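A look at the structure
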Amino acid sequence: MRRNVITLLAAAALTTLAGTGIAHADPATQLHEGQQVVGQDVQPGTYRTAGPRDQDYGSCFITWLPYKGAKSSDLIDIESYTGASFVRLNAGDVVDVSGCTWVAE
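The structure contained in this document is the topic of the report that follows. Since the structure is predicted, the reported quantities are computational estimates derived from the model, not experimental observations.

Overall, the coordinates contain four salt bridges when judged by the stated rule. A salt bridge links R53 to E33; the nearest nitrogen and oxygen atoms lie 3.1 Å apart. Here E33 lies in the loop between α1 (2-19) and β1 (34-37) and R53 lies in the loop between β2 (45-49) and β3 (60-65), a separation of 20 residues in the sequence. The exposure class assigned to E33 is partly exposed, which follows from its relative accessible area of 45%. Taking the shortest distance from any N to any O, the salt bridge between R53 and D56 comes out at 3.0 Å. Taken together, the shared-partner salt bridges in this structure form one network comprising E33, R53 and D56.

Quick look at the structure:
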C-alpha cells in the first residue's frame, strides 16, 4: 500500500512539473550567449549569422570547451567572426558563445 501511495505521489509531481513547463524541452535552434552543450541545449547542425551586432564591437566568438562548466582557459579551440559566417556544431560539443545572433539552417 505504501509503495502505491509513493508511486501515485511521484506521478502527480511529474504531471505537475510537466504542466508548469519544467519538463524536458527540445534543444534550441538558436545559440544563446554563454555556455551550451550541443545535442542537449541546442540542436546539432550548421548555424549561420549575418555578422556582429552593434553591441559586439566588430566581432564575436565561439569557444570550444572540453566539458560543461570548463573555464575559458581550458579551451580546445576558439574562432572569431567579423562578418556573415557559418559554423558546424556536432552533438557533444561544448561551446561558449559571445556575440552575434546564430540560427540553425
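Our next topic: the sheet that holds β2. By definition, the strands of a sheet pair up through backbone hydrogen bonds, in either a parallel or an antiparallel sense. If you walk across this open sheet you meet the three strands as β5-β2-β7, and the pairing is antiparallel. The open sheet has two edge strands, β5 (85-89) and β7 (103-104), and neither has a second partner. One ladder, built from two bridges, connects β2 with β7; its direction is antiparallel. Paired with R48 across the strands is V103, a residue of β7.

What counts, and at which threshold
Residues numbered from 1 in each chain as written. Predicted model: local features only at pLDDT ≥ 70, side-chain atom pairs only at ≥ 80, totals over all residues. Heavy atoms only, no water. Salt bridge = Lys/Arg side-chain N within 4 Å of Asp/Glu carboxyl O. Helix = DSSP H or I, 4+ residues; strand = E, 2+ residues; numbered from the N terminus. Buried < 20%, exposed > 50% of the residue type's maximum accessible area, 1.4 Å probe, protein only. Pairing = 2+ DSSP bridges.

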